[in-house]
Amino acid sequence: MRVDPRKLQELQCFMEALEPGGPPRAAFLRRAAKGLDRSGGNLVVMDASFNPMTVAHEAMLKRAAETCGAAEALLLLSHANVDKAIYGAPLAQRLAMLEHYAGPYPNVSVAGCSHARFVDKASALRPLYPKSTGLFFVVGYDTLLRLFDRRYYTNMPNELSALFDVAHIVAANRDNIDPNAIRRLKTGSEYAAFADRIHFIALERVYSRISSTAVRTLKEKGNYIGHLVPSRIADAIAALDLYRA
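A short tour of the structure in this document, coming up.

**What about the sheet that holds strand β7 (residues 198-201)?**
The strand order across the open sheet built from 7 strands is β1-β4-β3-β2-β5-β6-β7, with neighbouring strands paired in mixed fashion. Here the strands that pair on one side only, and so sit at the sheet edges, are β1 (26-30) and β7. Averaged over all adjacent pairs, the angle separating strand axes in this sheet is 30 degrees, with direction ignored. As paired strands, β1 and strand β4 (residues 108-113) are joined by 4 bridges and run antiparallel to one another. Bridging from a neighbouring strand, Ala27 pairs with Gly112 of β4. Sheet strands in contact with helix α1 (residues 5-16) are β1, β3 (72-78) and β4, and its direction is about 160 degrees off that of β1. Strands β2 (42-47), β3, β5 (134-140), β6 (167-172) and β7 of the sheet are contacted by helix α2 (residues 55-68), whose axis makes an angle of about 160 degrees with β2.

**Comments concerning the packing of α1 against helix α3 (residues 91-102)**
For the pair α1 and α3, interaxial distance at closest approach is 8 Å and the crossing angle is 110 degrees. The orientation of α1 with respect to α3, classified from their angle, is roughly perpendicular. On the side of α1, the interface is formed by Lys7, Leu8, Leu11, Gln12, Phe14 and Met15, while α3 contributes Leu91, Ala92, Gln93, Leu95, Ala96 and Glu99. Each residue belonging to the contact of α1 with α3 can be placed in one class, and the counts come to 8 nonpolar, 2 polar and 2 charged.

**Observations concerning the environment of Val119**
Checked against the element boundaries, Val119 lands in helix α4 (residues 118-125). Taking C-alpha positions, Val119 is 9.6 Å from Leu147, a pair spaced 28 residues apart along the chain. When near neighbours in sequence (up to four residues on either side) are disregarded, Val119 contacts Glu159, Ala162 and Leu163.

**Digging into the nonpolar core**
Residues Phe50, Leu75, Met97 and Val138 are the most contacted members of the largest nonpolar core, which totals 49 residues. Sort the elements by how many residues they give to this core and α3 lands first, with 8 residues. If you look at the next biggest cluster of nonpolar residues, it comprises 35 residues, including Leu36, Leu76, Phe118 and Tyr191.

**A look at helix α7 (residues 179-186)**
Of the residues making up α7, those classed as buried are Ala181, Ile182 and Leu185. Down the axis, α7 shows its buried residues gathered within 100 degrees of arc, on one side only. What points out from α7, more than 90 degrees from its buried face, is the exposed set Arg183 and Arg184. Close packing links the buried residues of α7 with α5 (141-147) and α8 (189-193).

Parameters and conventions
- Residues numbered from 1 in each chain as written.
- Predicted model: local features only at pLDDT ≥ 70, side-chain atom pairs only at ≥ 80, totals over all residues.
- Heavy atoms only, no water.
- Pairing = 2+ DSSP bridges.
- Helix = DSSP H or I, 4+ residues; strand = E, 2+ residues; numbered from the N terminus.
- Axes fitted to C-alpha atoms, helices over the stretch in contact; angles between N-to-C directions.
- Contact = heavy atoms within 4.5 Å.
- Parallel < 35°, antiparallel > 145°, perpendicular 65-115°, else oblique.
- Nonpolar A, V, L, I, M, F, W, Y, C, P; charged D, E, K, R; others polar.
- Core = buried A, V, L, I, M, F, W, Y, C linked by side-chain atoms within 4.5 Å.
- Buried < 20%, exposed > 50% of the residue type's maximum accessible area, 1.4 Å probe, protein only.
- Arc of directions from axis to C-beta.

Next up, the structure:
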């Protein structure tokens, strides 16, 4: 991967243009050459901080695409996160990593989004795809728990209804999630109302234990990370000189 400072500046401007002050908005950085057409189909969306993308993200995306029969996968980077400040790699560098990763895949798109909540992301993505498109957001169990946390809503029932009217959630297991928390979630009335729009996929333990935090920590110590990130992400990390001590 060759690093062009002008390209990084363009990517920074791309994300700055998706400022979250107005209505939810999304824009393509890379549109899949062989993705969904005008007749629609299913789209699997992975929205994450990608700081950096790991082989666990990749496994989740592939398993979710198989589960919902998706014709296209979308890697979505939001301008802001509901729980995390921007640290580690700047957003422009994260986009550069994702664009480099997607290069060989004709059915993988990359986009940016102005807003952090899934109800807003769904609204932002709708104008970019045919009306008949099925939206499937793939998340970890920890994100599923936050999805049903009242702290993130003004009117939780109405906003969850708006989300699940147009989208599904595909949740993957994470090694650090308390099983009791999931059991409590499933007994809640809010969850029950949308249970038919929530799907689960099981990742092998080797993937469920991987995190971006672990990748950054190893890299900062000068340790090998090639087993934790896709090869093209490793190439981009090296080219961009990211996650040094």
